[in-house]
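# Examination of the molecular architecture
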Amino acid sequence: MIAEAGLAALWLAGALSLLGLFLSIAHVRGKLEADRTVRALAIIQGFLCLFAFAMLLLVFARTDLSVALVAENSHSAKPFIYKVAGAWGNHEGSMLLWVTVLGLSGAALAALSHRLPSRTLIAALGAQAALALGFHAFLLFASNPFARLNPPAPEGRGLNPLLQDPGLAFHPPTLYLGYVGLSVAFSLAVGAMLAGEVDRHLARAMRPWVLGAWIFLTLGITAGSYWAYYELGWGGWWFWDPVENASLMPWLAATALLHSVAVLSARNALKAWTMMLAVIAFSMSMVGTFLVRSGILTSVHSFAVDPLRGSFILALLAIYVTAAFLLFAVRARTLREGAPFEPVSREAGIVANNLLLTVILGVVFIGTLYPLLIEAVTGEKLSVGAPYFNAVAGPLAILLGILLAVGPLLSWRRENRPVLRKVALPALCGATALVIAFLAIPQANVLAKCGLALATGLIPAAVIPLIGRNPLRTPLATWGMAVAHLGAAIAVAGMAADTAFTTEKLTAAKPGETIEVGPWTVEFAGVTPAVGANWTAVEAELRATRGSGVHVLKPQTRFFTDPPTETNEAAIDTLLNGQLYTVVGKSDAEGRWQLRLWWKPLVTLIWLGGALIGLGGFLALAGHARRSWRRWRAG
Amino acid sequence: MIGRPKHQRLVLVSLALLAVLGAVLLAMWGLKDRAAYFYTPADVVAGKAGAGKSMRLGGMVERGSVKRGADGVTTRFIVEDGDGRVPVTYRGILPDLFREGSGVVAEGKLVADRSFVADNILAKHDERYMPPELGNQAAEHKAGQTLRK
C-alpha cells in the first residue's frame, strides 16, 4: 500500500503540474484571473512530491522486498542509516529526489515571492510546471521507483559498498538541492522574458534563489570531493571524471550568474546576458543529469542498447533548452540596456569574470562531451582527463583568480581613486610569493607555483574590502563576499600546496619495519582481522611519528558479502598542517604487505576553502532574509 | 567602451562571441594531443599506437601471466585479446577486482620495445559498474552472441 500511495501521489502531482501549466498560460494571456490558483497548485504539487519521496524512504526503511527497487538495491542486513540513504543511491530513487526538489522549488517560489509582478511570477510558475511535467513523465514512464515485484524477492541484492558511507547520506541531496534549485532561476528568467519585465526588481527577486542553489552546489561539490578523496583510496581530490564535471559545469554557470545578477540589481545593466546565464545554468544541470542518468558515460553503445531513459532525458533537455533559447532570441532585442559603464569599474570587472567563467565552462563542456561525440561519429574510443583539463582550464583559473583579487577593490560606476594603490599590497604579496616559489621549489609544476603565489595575493585582497569599516555596520552581503573570496583563496592554496609538496611512498613491508614519508617515520606494527555490521576486514596498524607523539592509523581492506566486493578503507590522520593518508594493499608469499603512504601538507585547506565559500554565500543569503524580514514587519 | 548604450551593447556581444570562439579554439588545441585514445592489444601489435603518447589499453589479463616484482609493489602481466599480447608493468596497489582471466583497462604509455607502462589500472568495480571501454566490449560481445543465435 505504501508504494501505491507514493505512485498515486506522483500521478496526482503530474496532473496538477499540467493543470498549473494551462492555468498559468491563461493567466499570462489575460484570459483568466488565476493567480491564487496557480500558486496553490504549485504548493500542493510540491508537497505531493515530498509525500511520494517520504513513501520511498519508508519502503526502504522497512526493506519491503516486494518493491523491485528495494530488492535490487538494498538488503535486510544493512545498517539502518544506509537502508534509508540507499533510497537515493540508485537511478529511480535519485530521479524521484530530483523531481521532489523541483516540486519543492516551485512551491517555495509560489509561497515566498510576494514582490514580483503577478504576470512574471505566474509565467515563472508555468515554466516550473512545464519542467515538472516533463520530469514527472520521465519518472512515471521510464523510471518508476515504486514498481512491484511479484513474487517478492527473498532477499535484496545489496548496495554497492562504495556507497555504504556517511557521504551518501549528505552528498547527493545537497548536490540536487543545488542542481535543481537552479530551475527557479531558469523559470524566473523565462517568466520575466514572457512578461517583458526584465529589470532590477527581477534581479532582486532572483538573487536569493541563485544564491541558495549555488551554496548547495558549492557544499555538494566540496563534500563529494572529500568523499572521493577518502573513499577511493587514490589520494586525489578531483579526477576530472565526467560525473564530477557534470556538477562543476552548473557551478561555473551559477557562479557567473550570481555575479551578473548583482550587476543587474545594482546597475540595471547586463539584462540579456543575465537572462542567458540563468537559462544556461539550469541547462547545465539538465546536461549533467543526462550524462549521469542516461548510462551514456558507461558507453555510447550501452546507451544505444537501452535507449529509453537516455533519449527521454535528451528529448526533455532539447525541448526545454530550445524553447528557452527561442524565447531569448525573440525577446533579447526588446530588452533595453541600462546605463553604460566605464572600462575600469566593478561592473566591468564582473563582465570580465563572466567572460572567463564562460570560457572555462566552454572548455570543460567540450572536454567532457568530446569523447561521446567522437565515439558516436567515428566509433573511436578515447578519454579526456586531467592532462587536458589542467592544461586548458588551469591557466584560465589563475587569470580568474587575479581578477578575483582586483574586481572587489573597484567601485561601482566609475573608479575615481587610483586603482594601483589599492591593489599594491596584494600584488606585492603575490609577486614576492611567485619569486620565492620559483627559487625555493624548482621541482614543483608551474601551475602549482602560480597557484601558491595567487593564494598569497588573494588572501589580503579578499580582506581589504572589510578594512576601515565598522564590522557591525558592514552589510552581510559584503561580509559574504569577503568570506567567499577568502574561501576561494584558501582552496587555491590547498590545491597548489597539495600539488607542490605531497610526498608519496609505495612499498611492501614486513611487520616491524619502518617507512619514511616526508617528515614522518612510520612503523608497520602488523595486521589483524576486524569485523563490522556486514563486512569483515584485514586491518593494518601503523604507528607514525615525527619527533614527538605517536599517531596510530588503521587502514583496512574490507570484504562485503552482499554483493561480494572488496574495498579499500584509507586511514587518514588530520593534523594542523596536513594529512597523513595511508592505504593497505595485498600481501605476498614472503609475508610482506603493500603499503601506500602520502604526506599531504595543507591539503585540508581545499575543503575548508570550499566550506568558507559556502559560508560566504550563506552570510549574503542571511542579509537578504534580514532585509525581507524588516520589510515584512514594516508592512 | 564609454558612450551610448547601443555602442556598448555591441562591444559586449562581440566580447561574448569572442569568449565562446576562444573557448572552442582553446579546447581544440588542448584536445589535439591530450586525448588518450583506447587501443586493444591487436592494435598495438599492428603498430597503430604510437610510443610515448598517453593512451588506454584494454583487454583480458592473460591467465598465469601475473608476476610480482622483487620490490613487492611492481606487477607485470600480459593483456591479450586473442589477436595480440602486450606486456604491462604497473607500480602500485592493484584494484580489488583485478583478476587473471578478467577484463582490465590500463592507463599509461607505450615504451619503445612495445611494452606498456601503466600509471593507473581500472578493473571492474562490481557487476554494475565498469570502466566505459570494458562496458563497451562486454556490450559488443553480447551483441555478437545475439547475432550468432
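Residues numbered from 1 in each chain as written. Chains lettered and ligands numbered in written order. Predicted model: local features only at pLDDT ≥ 70, side-chain atom pairs only at ≥ 80, totals over all residues.

### Things to note about the overall build of chain A
- Of the regular secondary structure elements, chain A holds 18 helices and eleven strands.
- A compact globule built from 635 residues would reach a C-alpha radius of gyration of about 26 Å, and chain A, at 26 Å, matches this within 12%.
- Overall size of chain A, expressed as C-alpha extent along the three principal axes, is 85 × 75 × 55 Å.
- Relative to its 635 residues, chain A shows a buried fraction of 54%. (Helix = DSSP H or I, 4+ residues; strand = E, 2+ residues; numbered from the N terminus. Rg over C-alpha atoms; globule rule 2.2 N^0.38 Å. Buried ≥ 20, exposed ≤ 12 C-beta atoms within 10 Å, placed from the backbone.)

### Structural notes on the pairing of strand β1 (residues 35–39) of chain B
- Counting buried residues along β1(B), four of its five residues qualify, which places the element largely inside the surrounding structure.
- Here strand β1 (residues 382–384) of chain A pairs with β1(B) via three bridges, running antiparallel. In the sheet register, L382(A) faces β1(B), and the bridge partner there is Y37(B). (Pairing = 2+ DSSP bridges.)

### Overview of the domain arrangement of chain A
- The domain boundaries assigned to chain A delineate domain 1 (1–159), domain 2 (165–331 + 342–398), domain 3 (417–501 + 605–613) and domain 4 (504–601).
- Spacing between the C-alpha centres of domain 3 of chain A and domain 4 of chain A amounts to 35 Å. (Domains from an automatic or database assignment.)

### Considerations on the sheet that holds strand β9 (residues 571–575) of chain A
Residue and element names in this part refer to chain A.
- Across the sheet, which stays open at both edges, the four strands sit in the order β2-β11-β10-β9 with antiparallel pairing between neighbours. Edge strands, defined here as strands with exactly one partner in the open sheet, are β2 (503–509) and β9. Geometrically, the sheet is characterised by an average inter-axis angle of 15° between neighbouring strands, direction not taken into account.
- Where strand β10 (residues 578–587) and strand β11 (residues 593–601) come together, eight bridges link them in antiparallel fashion. Paired with V583 across the two strands is R596, which belongs to β11. (Axes fitted to C-alpha atoms, helices over the stretch in contact; angles between N-to-C directions.)

### Thoughts on unusual backbone geometry
- Here N150(A) and P151(A) are connected by a cis peptide whose omega angle stands at 0°.
- One non-glycine residue, T63(A), adopts positive backbone phi at about 45°.
- Among the structural elements, T63(A) can be located in the loop between α2 (35–61) and α3 (68–73).
- T63(A) gets classed as partly exposed once you count the C-beta atoms within 10 Å, which come to 19.
- Positive phi, normally seen in glycine, also occurs at R114(B), with a value near 65°.
- Note on placement: R114(B) falls in the loop between β6 (103–110) and β7 (116–123).
- Classification of R114(B) as partly exposed rests on a count of 14 C-beta atoms within 10 Å.

### Here's the deal with the packing of helix α7 (residues 166–195) of chain A against helix α12 (residues 307–331) of chain A
Residues and elements named next belong to chain A.
- Two elements in contact, α7 and α12, have axes whose closest approach is 10 Å; the angle formed by their N-to-C orientations is 40°. Regarding the angle of α7 to α12, the classification is oblique. Crossing geometry of α7 relative to α12 is assigned as left-handed. Contacts from F186, V190, M193 and L194 in α7 reach A324, L327, F328 and R331 in α12.
- Here the residues of the contact of α7 with α12 are counted per class, giving seven nonpolar, no polar and one charged. (Parallel < 35°, antiparallel > 145°, perpendicular 65-115°, else oblique. Left-handed = near helix turned anticlockwise from the far one by under 90°. Contact = placed C-beta atoms within 7 Å. Nonpolar A, V, L, I, M, F, W, Y, C, P; charged D, E, K, R; others polar.)

### Things to note about helix α15 (residues 419–440) of chain A
Residues and elements named next belong to chain A.
- The end-to-end C-alpha distance of α15 is 31 Å, a good match for the 32 Å that 22 residues give at a rise of 1.5 Å each.
- By the largest-angle criterion, L425 marks the main kink of α15, which is about 40°, and a proline, P426, follows within four residues.
- Among the residues of α15, P426, G430 and A437 are the ones counted as buried.
- Structurally, α15 contributes buried residues whose contacts are with α14 (386–406) and α16 (446–463). (Expected span 1.5 Å × (residues − 1). Bend = angle between axes of the 7 residues up to and from the residue.)

### Considering helix α8 (residues 200–232) of chain A
Residues and elements named next belong to chain A.
- When the terminal C-alpha atoms of α8 are compared, their 46 Å separation across 33 residues agrees well with the 48 Å that a helix rising 1.5 Å per residue should span.
- Taken as a whole, α8 carries its principal kink of about 30° at M206; the proline P208 stands between one and four residues after it.
- Burial analysis of α8 places 25 of its 33 residues in the buried class, which makes it a mostly covered element.

### Quick word on the environment of G92(B)
- Relative to the helices and strands, G92(B) resides in the loop between β5 (85–91) and β6.
- Put simply, G92(B) and I121(B) are 29 residues apart on the chain and 9.0 Å apart in space, counted from C-alpha to C-alpha.
- Sequence-distant contacts of G92(B), defined by excluding residues within four places in its chain, comprise L506(A) and V73(B).

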